[in-house]
Amino acid sequence: MARPAPTPARSRRRRRIAVAGAALCAGLFVLLAVLVTARNGAPYPLDSAAHRWSVRHRPAVAVAFARAVTSTGSGPFPYVCAAAAGVIAGRGTRERLWGAAAALLFLGFAQAVRFGVLHLIGRPRPPLADWATVAHDHSFPSGHTTASALAAGLLAWALVRRAGPAAAIPCVILAGWAVAVGLTRIYLGVHWPTDVLAGWLYALTWFALGYAVFPYVLRMFTDAD
C-alpha cells in the first residue's frame, strides 16, 4: 500500500536538499575531471595500485562472476529497471505510463550527456592486455557504473515512494548492485578507479536533480488533456 504523500513544506525541503546534493556531486565530478585532464588521462597512484591488484588476483570463478555482474550495467537491463521504476512510482494507469516514459527519457538523456563528456575528456583505458572483458570507447566516466547507479537510484526512489521504510532492504540490495557493477569494471581491467568514482558522482548528480524536478514533470504530463 502506498504511504501518505508528504506535506508541501516537507516536499519543498527535500527538493532543496536534493538540489544542494546535486550541486555538491557536480562540483566533485568537475574537480575529478579537471584532475584527470591535468594529467592527460594518466592514472593516479591509487588507479595503478588497484589495477595491478586486480590483474594479479583473477581466479576463473571470480572472473566469470565479475563478467556476469558487469553485464547488467549495460544493454537493456538498466532501461528495464528505469521503466519499472516509473510504473511502480505511478498511482494510476496514466501516471504509470508517463512515469515509465519519463524515467526512460531521463536515463537516456543522462547517458547521452555522459557520452559527450566521455569524448570531451578522451581518457585512455588501461592497457588492452589487462582486459578480462570487452570494452569500447574512452574511459572517463564509466558508462556501466553510471547506468547501473541511475537505474538503481530510480528503482529505490520508486520503492520508497510506494512503500516507505518497508523498502529499506530492497534499496540496500539495489545499492549493492550498483556498487558491484562499478567494482567489476575495475576488477576486469577496463576502467581506472577514478573512472568509476566519476560514474558514481555523475549518476548522483543526475539522480538528485531528477528527484527535485520529477514531481513537476510528472504533474505536467498527467495534468495534460
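Residues numbered from 1 in each chain as written. Predicted model: local features only at pLDDT ≥ 70, side-chain atom pairs only at ≥ 80, totals over all residues. Heavy atoms only, no water.

(A) Main features of the nonpolar core. The biggest cluster of nonpolar side chains holds 35 residues, and the ones touching the most others in it are Phe29, Phe140, Leu150, Leu154, Leu174, Trp177 and Trp206. Mapped by element, the contributors of at least two residues to this core are helix H1 (8-38), helix H4 (77-89), helix H5 (93-121), helix H6 (143-163), helix H7 (168-187) and helix H8 (193-222). For this core, the element with the highest residue contribution is H6, accounting for nine residues. Not counting residues within four places of it along the chain, the set of residues in contact with Leu150 comprises Phe106, Leu107, Ala110, Ala203, Trp206 and Phe207. Judged by nonpolar contacts, the second largest core, of five residues, contains Val63, Ala132, Tyr187 and Leu188. (Core = buried A, V, L, I, M, F, W, Y, C linked by side-chain atoms within 4.5 Å. Buried < 20%, exposed > 50% of the residue type's maximum accessible area, 1.4 Å probe, protein only. Helix = DSSP H or I, 4+ residues; strand = E, 2+ residues; numbered from the N terminus. Contact = heavy atoms within 4.5 Å.)

(B) View of the pattern of salt bridges. The final tally for this structure, using the stated rule, is three salt bridges. The shortest N-O distance in the salt bridge between Asp47 and Arg123 comes to 3.3 Å. Pair noted here: Asp47 is in helix H2 (residues 45-56) and Arg123 is in the loop between H5 and H6, with a separation of 76 residues, a long-range link. Accessibility expressed as a relative area gives 1% for Arg123, which makes it buried. Across the pair Arg123 and Asp195 runs a salt bridge whose closest N-O atoms are separated by 2.8 Å. Of this pair, Arg123 sits in the loop between H5 and H6 while Asp195 is found in helix H8, placing the two residues 72 residues apart along the sequence. Neither residue differs from the other here; Arg123 and Asp195 are each classed as buried. Taken together, the shared-partner salt bridges in this structure form one network comprising Asp47, Arg123 and Asp195. (Salt bridge = Lys/Arg side-chain N within 4 Å of Asp/Glu carboxyl O.)

(C) Representation of the confidence of the model for the chain within the structure. In the predicted model, the chain carries a mean pLDDT of 89, and the fraction of residues at 70 or more is 91%. When pLDDT is averaged over each element of the chain, helix H3 (residues 60-71) comes out on top at 97 and H8 at the bottom at 82. (pLDDT = per-residue confidence, 0-100.)

(D) Expanded view of the side chain of Ser139. Mapped onto the secondary structure, Ser139 falls in the loop between H5 and H6. Once residues lying within four places of it in the same chain are set aside, the contact partners of Ser139 are Leu118, Arg123, Pro124, Arg125, Val190, His191, Trp192 and Asp195.

(E) Layout of H2. End to end, H2 covers 17 Å across 12 residues, agreeing with the expected 16 Å (1.5 Å per residue, within 8%). Among all positions of H2, only Asp47, Ser48, His51 and Ser54 are buried. Taken down its axis, H2 places every buried residue within 130 degrees of arc, on the same side. Away from its buried face by more than 90 degrees, H2 exposes Pro45, Leu46 and Arg56. (Expected span 1.5 Å × (residues − 1). Arc of directions from axis to C-beta.)

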